[in-house]
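# Per-entry structural report
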Amino acid sequence: MKVTIIGSGYVGLTTGAALGYLGHQVTLLDIDERKISLLREGKSPIHERGLEEVLQSAREKLFWKRYPCDRVYCKTIWTGHAAGQGGDRGQRAATKLGH
């Protein structure tokens, strides 16, 4: 399955890494260029035991892009941010992608 996840913090990154490890093609979008650079090097910007090993194992299935981006090809979009904030940021993000 091709999946896009908006936000590569604790929720988005761990979910994306797990899906990539299971063999799915995952594109993670984030606004933080520094975080994207670290991830492209296989380094985790957050501390989660075992995450860097999973990122390394799933490296061929994980792709990183700056958000917002022009086009994303996927069957499913997940938002991995705005948890517990009561806002509609996830819905606005998906709307910007045309979904």
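Scroll up to find the structure this text is about.
Now for a quick tour of the structure. Bear in mind the structure is a predicted one, so any value in this text is a computation, not a measurement. (Residues numbered from 1 in each chain as written. Predicted model: local features only at pLDDT ≥ 70, side-chain atom pairs only at ≥ 80, totals over all residues. Heavy atoms only, no water.)

### Observations concerning the pattern of salt bridges
Rules: The salt bridge definition used is simple: a Lys or Arg side-chain nitrogen within 4 Å of an Asp or Glu carboxyl oxygen.
Tallied over the full model, the rule gives 2 salt bridges. Lysine 43 is paired through a salt bridge with glutamate 41; the nearest N and O atoms lie 3.4 Å apart.

### Notes on the nonpolar core
Here is the rule: Working definition of a nonpolar core: buried Ala, Val, Leu, Ile, Met, Phe, Trp, Tyr and Cys residues. They are joined through side-chain atoms within 4.5 Å. Buried residues are those whose accessible area, probed at 1.4 Å on protein chains only, stays under 20% of the maximum for their type, while exposed residues exceed 50% and partly exposed ones sit between those limits. Under the DSSP-based scheme used, a helix requires at least four consecutive residues in state H or I and a strand at least two consecutive residues in state E, with every element numbered from the N terminus. Here a residue-residue contact requires only that any non-hydrogen atoms of the pair lie within 4.5 Å.
Membership of the largest hydrophobic core comes to 15 residues, with the highest contact counts inside it found for Leu13, Leu55, Leu62 and Trp64. No other element matches the 3 residues that helix H1 (residues 10-21) contributes to this core. Not counting the four nearest positions on each side in its chain, leucine 55 is found in contact with Leu13, Ala17, Leu39, Gly42, Lys43, Ser44, Leu62 and Trp64.

### Brief notes about the pairing of strand S2 (residues 25-30)
Two faces, one strand: in a regular strand the side chains alternate between the faces of the sheet. What counts here: In short, DSSP must find at least two bridges between two strands for them to pair. Handedness of a crossover is defined as follows: with both strands directed away from the viewer, a clockwise route from the first strand across the helix to the second makes it right-handed.
Counting buried residues along S2, 5 of its 6 residues qualify, which places the element largely inside the surrounding structure. Where strand S1 (residues 2-6) and S2 come together, 5 bridges link them in parallel fashion. Bridge pairing in S2 links valine 3 to valine 26. Regarding topology, H1 serves as the crossover connection from S1 to the parallel S2, and that connection is right-handed. Where S2 and strand S3 (residues 62-66) come together, 5 bridges link them in parallel fashion. Looking at the pairing, aspartate 30 lines up with arginine 66 of S3.

### Here's the deal with the side chain of serine 44
Summarising the element assignment, serine 44 is placed in the loop between helix H2 (33-40) and helix H3 (51-57). What serine 44 contacts, discounting residues up to four positions off in sequence, is Leu13, Leu39, Leu51, Glu52 and Leu55.

### Quick notes on H1
Applied cut-off: In this analysis, the expected span of each helix is defined as 1.5 Å times one less than the number of residues it contains. Summarising the geometry, the arc corresponds to the directions from the helix axis toward the C-beta atoms.
With 12 residues, H1 should reach 16 Å at 1.5 Å per residue; the first-to-last C-alpha distance of 16 Å fits that figure. Here H1 has its buried residues at Gly12, Leu13, Gly16, Ala17, Leu19 and Gly20. End-on view of H1: buried residues confined to an arc of 165°, all on one side of the axis. Positive backbone phi, at 105°, marks glycine 23, one or two positions downstream of H1.

### Quick word on the environment of leucine 55
Here leucine 55 lies in helix H3. Taking the relative accessible area as the measure of exposure, leucine 55 reaches 4% and is therefore buried. On a C-alpha basis, the gap between leucine 55 and glycine 42 in space is 6.1 Å, while along the polypeptide they are 13 residues apart.

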